[in-house]
Amino acid sequence: MSSPPGRGATAPGPPSPKAGRVVGTAGHIDHGKSTLITALTGIDPDRLAEEKRRGMTIDLGFAHMKLPGGREIGVVDVPGHARFIRNMLAGVHGLDAVILVVAADEGVRPQTREHLEIIDLLEVDRGVVALTKVDLVDPDWLELVSAEVATALEGTSLAGARIVPVSSVTRAGLDDLVAALETVLVEAESRHDVGRPRLPIDRVFTISGFGTVVTGTLVDGTLESGQELEVVPKGITVRVRGLQQHNRKVETAQPGSRVAANLAGAEKDDLDRGDVLALPGTLPTTRRVDAMVRVLDDAPRGLRHGAELTLHTGTVEVGARAIVLEGDVIEPGQSGWVQLYLERAIAVAPRDRFILRVPSPSLTLAGGRFADVAPHKHPRHDAAVRESLEQRVAGNVLQEELRKYQRGVAISALLKATLAGEDQVSTLDARRAGDWIWAPEHWVAQSRRVEQELSAYHSAHPLRTGMPREELRSRAGVPPAAFGAALHGWVEDGLVVEHGSEVALASHRVALEAADGPAVRLIAELAREPLAPPSLVEAMRTSGAGDEIVRALEKRGDVVRVSDEVAFTKDAYAGAVALVKEMIATGGSVTVAQLRDRMGASRRPVLALLEHLDAQRVTRRVGDARVLR
Ligand SMILES: Nc1nc2c(ncn2[C@@H]2O[C@H](COP(=O)(O)OP(=O)(O)O)[C@@H](O)[C@H]2O)c(=O)[nH]1
Ligand SMILES: [Mg+2]
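Cut-offs used in this document
Residues numbered from 1 in each chain as written. Chains lettered and ligands numbered in written order. Predicted model: local features only at pLDDT ≥ 70, side-chain atom pairs only at ≥ 80, totals over all residues. Heavy atoms only, no water. Near = heavy atom within 4 Å. Polar contact = N/O pair within 3.5 Å; in protein donor to acceptor, adjacent residues only side chain to side chain. Areas by Shrake-Rupley, 256 points an atom, 1.4 Å probe, with all protein chains shown as cover. Nonpolar A, V, L, I, M, F, W, Y, C, P; charged D, E, K, R; others polar. Pairing = 2+ DSSP bridges. Helix = DSSP H or I, 4+ residues; strand = E, 2+ residues; numbered from the N terminus. Contact = heavy atoms within 4.5 Å. Axes fitted to C-alpha atoms, helices over the stretch in contact; angles between N-to-C directions. Expected span 1.5 Å × (residues − 1). Buried < 20%, exposed > 50% of the residue type's maximum accessible area, 1.4 Å probe, protein only. Salt bridge = Lys/Arg side-chain N within 4 Å of Asp/Glu carboxyl O.

Next up on the list: the site of ligand 1. D30, K33, T35, D135 and S168 are the nearest of the 15 residues found near ligand 1. Within the backbone of D30, a nitrogen or oxygen atom sits 2.7 Å from an oxygen atom of ligand 1. Here an oxygen atom of ligand 1 sits 2.9 Å away from a polar atom, N or O, in the main chain of S34. Surface burial for ligand 1 is 77%, taken as the share of its 580 Å² of free accessible area covered by protein chains. Across the shell around ligand 1, the residue classes tally to three nonpolar, eight polar and four charged.

Given below as structure tokens:
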């Protein structure tokens, strides 16, 4: 390979032929998988001392090679032994293609079928069959075995895959096999980069002088050297000291490739296979998932409601209890919706694929894809649940996720829940206000509730301009964090108006009552001797008007309160102000005594009026007198 992929490698255009690809082996034990990988790559994938001693693959092995067209590929070699199927399952995550290995002298054996079933359930639909050990069989036998393999592939995701006879001993057919592999990989679409890298860890080890190293097949985004990452679900923060792809140092690792990351901030014992490296805060964890599953045709029984199973996804393995959402059992060969309760939290994304196994006796039962990785608990036998899940599977994950949040959701939280990109938000059928977003039906429902609350409030308090914001928020059940944005939305919609810290329906008008009501009587009291009004307390007592009415009249401008004790009608106030101005204009200034005489009032309202006018910066006090400002 020429230069390692750098930052420039994400330029638009067709994927580089050198973009990472990962292929994995599959097949029965002793059929020659590891030997084939060694013959193809020059790297022995059996790295453990015990593997060397027993001549048997126990855990995943890794190698890499360059295809004739120049593309560098990573190779994951899996164990064939039935006892190590869980290791095999951790190795099939993120594969672009599979090399199904069948020994020509033995033909199809139990783990040939089981691995094929797993590949089929995981919908890995690119692959080639290496019919190994051809040096041990004669041509007639080879033909029979080829036919047997072709039959086994029928009805699976590898149906019609090329079957290439090879010998790792004589190297016969190896070039053909590589050519066939290159052909299927050319057709593989390049891996998505949604800017949310996930590295499900399949191996953790230490290298003296370097410290902790993890490896995995990277999906959904790039990793950069120096980056801070989170180990999910453990919540450990680590920093990437260095990255390698195929034993070469790189600054940026591309999705769809094998990656080794040297980490600072975690010891080997802190990390496990099944943990996921992600950008901090971007990958939620879950203990409940919704999924469509397909039960294997050959399963000895169906997937029963309440079944205790083992879930394998990414590189993680976790106990799961199945809630069958429709019916009581999904029969062999059938598909259906399940909700899975997980024994502990895992980090997965919608559309991730998984396998369900029966723990004992150990067998593969079903597989599928997650539709929702943060679902509510569902009623069983509910058509709406099914409809929503189907929408998700049809690709409307974000829209269906949005529907779950009846009270709206912060856009960042929505994206986190679905691992969707910011650009997808604009494609939603939704009401967006500030940083929050609502499904249209929830926005309408929430708006209606605000309308009802305000309308009830306005009828109960016709004299108030509006409801205090916080009261409205809690009565209408709006999340505190959403309220500012939502309120802005309702103002935009023309539903409400804000008056300072109060909110009213846009249609609300402060209504003072009938002609003989306390509001009218209060004004009449104050207007009896307009320039010499009774004290406000007295006028309120006589008229029966409460604080609220005074405030409403004041807000509407019908009454002007110049102090706590003294109020004038609107006209009287205007008259008094005009009088003060006129007296100052003619006499140069005015004293309390002079004004009191002209107004025919007692000292108290006159003093209150002048102090009010001082405060309003109409007049200014000079000794005993007032002049204009
Ligand atoms: N004659 C012959 N023996 C092979 C060939 N490939 C593998 N073997 C032998 O088959 C045995 C099992 O091979 P191995 O690669 O460990 O199988 P795996 O369990 O599928 O990984 C070993 O003894 C190999 O030497 C081949 O093409 N021809
Ligand atoms: Mg092996």
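One open sheet accounts for three strands, arranged β27-β29-β28; its pairing is antiparallel. Strand pairing shows two members of the sheet lacking a second neighbour, β27 (467–468) and β28 (496–499), which therefore form its edges. Across the sheet, helix α10 (residues 440–460) lies against β27, β28 and β29 (502–505), angled at about 95 degrees from β29, the strand it touches most.

Take helix α6 (residues 174–187) next. Counting along an α-helix, one turn takes 3.6 residues, and residues three or four places apart therefore face a common direction. The terminal C-alpha atoms of α6 lie 21 Å apart, and with 14 residues this matches the ideal 20 Å at 1.5 Å per residue to within 8%. Of the residues making up α6, those classed as buried are L174, L177, V178, A180, L181, E182, V184 and L185.

Under the counting rule described, the total for this entry stands at 32 salt bridges. D372 is paired through a salt bridge with K404; the nearest N and O atoms lie 3.0 Å apart. Separated by 32 residues along the polypeptide, D372 in strand β23 (residues 363–372) and K404 in the loop between α8 (397–403) and β24 (409–410) bring together distant segments of the chain. Neither D372 nor K404 differs from the other in exposure class; each is buried. Between R469 and E498 there is a salt bridge; the shortest N-O distance is 2.9 Å. On the criterion of sequence distance, the pair formed by R469 in helix α11 (residues 469–475) and E498 in strand β28 is long-range, its members being 29 residues apart. Here R469 falls in the partly exposed class, since its relative accessible area comes to 31%. Look at the salt bridges and you will find they share partners, linking R198, D220 and D352 into a network.

Purely spatial values, then, with no claim about function.
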